[in-house]
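# A look at the structure
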Amino acid sequence: MINYNPKEWFTFIFRFHKADTVRQLFPMFIALTLYAAIIAFLELEVLHLKRIPEVQHLSIVHGLLGFVISLLLVFRTNTAYDRWWEGRRQWGMLVNNCRNLAMKLAAILPAGDEASRAYFRTMIPNYAFCMKNHLRSDFIPEELEQVAGFTPDTQKHVPNQVAGHIMARIQELYRQQQISGDQLITINAELQSFTDIVGACERIKNTPIPFSYSVFLKKFIFFYVMTMPFSYVFNAHYLVILIVVFVFYVLASLELIAEEIEDPFGKDANDLPTDTICENIRKHVKEIL
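Residues numbered from 1 in each chain as written. Predicted model: local features only at pLDDT ≥ 70, side-chain atom pairs only at ≥ 80, totals over all residues. Heavy atoms only, no water.

Scanning the protein from terminus to terminus reveals eleven helices and zero strands. Ordering the α and β elements of the protein from the N terminus gives α-α-α-α-α-α-α-α-α-α-α. Per-residue burial for the protein yields a buried fraction of 42% across its 289 residues. At a minimum sequence separation of 6, the contacts of the protein that also span at least 24 residues come to 77%. (Helix = DSSP H or I, 4+ residues; strand = E, 2+ residues; numbered from the N terminus. Buried < 20%, exposed > 50% of the residue type's maximum accessible area, 1.4 Å probe, protein only. Contact = heavy atoms within 4.5 Å.)

Printed below as a string of structure tokens:
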């Protein structure tokens, strides 16, 4: 995720970063410039279509279609941002639940039981790192702190294995009467929330926007931009080249941004800072325990 000062907005106009859509769309800018120039030359210099009144009225149709496409893009952007924000809410809940679980265990566990404290001090942050990598379809063992008797099977659901191992350790402490039944109930709420959170994040990741809607929007943008020179060349003349490129930049950029943020758990520049969140969880849990 890119960290920036939102008050310094003027500097953004002249600064290009790797997530800027200009870099991704630049080849299309060149192609559209050539296309619009050819269409403008043929209509103005060769075919002289300005003599036909009906052709000049095509701009009215484009105006109506522009209103429709703006509504579609607003819906598309809002939907993508809702997914991004829901992902951030879930990770915020994970941070709070890890802290709450650590505080409850710090208060419940006997002061002399350093082995159990060390176990939870390690395994609670391990769950956050496993969840992060699980959502990225990855596994990085170097990020995990080793615990005796636990080696995750990477062919299975790793976060579930970590949560199950934590639950087994808590049940063992309950059988040893280091945790009472009432305390077990309060701890169980945080443990259950781990599975709820990873399930919610999996729902966001594995349920993209419907295929038909995505394809239709891309086709709509393509045909809208490709037919613009026919509508506005008589009013703008060769300035229509710049108009076509700029309109394509705006419409295509909104679609690219929506595509990037609708899966907020990856490594793109606008994705959630899950690496930093995991490091903070490890730091805070160690402080508490």
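Moving on to the packing of aromatic side chains. Enumeration according to the criterion identifies nine aromatic pairs in this entry. Centre to centre, the rings of Phe29 and Tyr249 are 6.0 Å apart; their planes meet at 70°, and the pair counts as edge-to-face. Within this pair, whereas Phe29 is found in helix α2 (residues 21–46), its partner Tyr249 is found in helix α10 (residues 240–261), the two being separated by 220 residues in sequence. With 5.7 Å between their ring centres and 20° between their planes, Tyr81 and Trp84 make a pair best called stacked. Residue Tyr81 and its partner Trp84 are both found in helix α4 (residues 58–108); the two are separated by three residues, about one turn of the helix. Residue class for Trp84 comes out buried when judged on its relative accessible area of 12%. A cation sits over an aromatic face here: Arg169 above Tyr119, 4.6 Å from the ring centre. (Phe/Tyr/Trp six-rings, centres within 6.5 Å; stacked < 30°, edge-to-face > 60°. Lys NZ or Arg CZ within 6 Å of the ring centre and 35° of its normal.)

Time to look at α2. In a regular helix each residue adds 1.5 Å, so 26 residues correspond to 38 Å; α2 covers 35 Å between its end C-alpha atoms and thus fits that length. Helix geometry: α2 is bent most strongly at Pro27, by close to 40°. The complete set of buried residues in α2 reads Thr21, Leu25, Phe29, Leu32, Ala36, Ile39, Ala40, Glu43 and Leu44. Tucked into the core, α2 has its buried residues touching α8 (211–226), α9 (228–236) and α10. (Expected span 1.5 Å × (residues − 1). Bend = angle between axes of the 7 residues up to and from the residue.)

Once that is clear, we can look at the pattern of salt bridges. Counted according to the given criterion, the structure contains 13 salt bridges. Measuring nitrogen to oxygen at the nearest pair gives 2.8 Å for the salt bridge that ties Lys132 to Asp275. Residue Lys132 is located in helix α5 (residues 114–135), and its partner Asp275 is located in helix α11 (residues 274–288); the two are separated by 143 residues in the primary sequence. Take Asp275: its relative accessible area is 35%, and that puts it in the partly exposed class. Linking Glu145 and Arg282 is a salt bridge whose minimum nitrogen-to-oxygen distance equals 3.7 Å. Linking Glu145 in the loop between α5 and α6 (158–175) with Arg282 in helix α11, this pair joins segments that are 137 residues apart in sequence. Three or more residues are tied together by salt bridges with common partners; here these are Arg76, Lys218, Glu255, Glu259 and Glu262. (Salt bridge = Lys/Arg side-chain N within 4 Å of Asp/Glu carboxyl O.)

Our focus in this paragraph is the environment of Leu217. Mapping Leu217 onto the fold places it in helix α8. Here Leu217 falls in the buried class, since its relative accessible area comes to 1%. Separated by 141 residues in the primary sequence, Leu217 and Arg76 place their C-alpha atoms 9.0 Å from one another. If we skip the residues at most four places from it in the chain, Leu217 touches Leu72, Leu73, Arg76 and Glu255.

We now examine the environment of Arg83. Following the sequence through the fold, Arg83 ends up in helix α4. Judged by relative accessible area, Arg83 falls into the buried class, the value being 15%. Linking Arg83 and Arg203, residues 120 residues apart in sequence, is a C-alpha distance of 9.9 Å. When residues no more than four places from it in sequence are discounted, the contact partners of Arg83 are Ile204, Thr207, Pro208, Glu262 and Pro264.

On to the nonpolar core. A general feature of soluble globular proteins is that nonpolar side chains tend to end up buried together. Ranked by size, the top nonpolar core spans 48 residues in total, and within it Trp91, Leu94, Phe120 and Met131 carry the most contacts. Dropping the residues within four chain positions of it, Leu94 is found in contact with Tyr127, Ala128, Met131, Phe194, Ile197 and Ile281. Ranked by size, the runner-up nonpolar core spans 29 residues in total, among them Phe29, Phe220, Met226 and Phe234. (Core = buried A, V, L, I, M, F, W, Y, C linked by side-chain atoms within 4.5 Å.)

We now examine α9. Among all positions of α9, only Met228, Pro229, Ser231, Val233, Phe234 and Ala236 are buried. One or two positions beyond α9, positive phi appears at His237, with a value near 55°.

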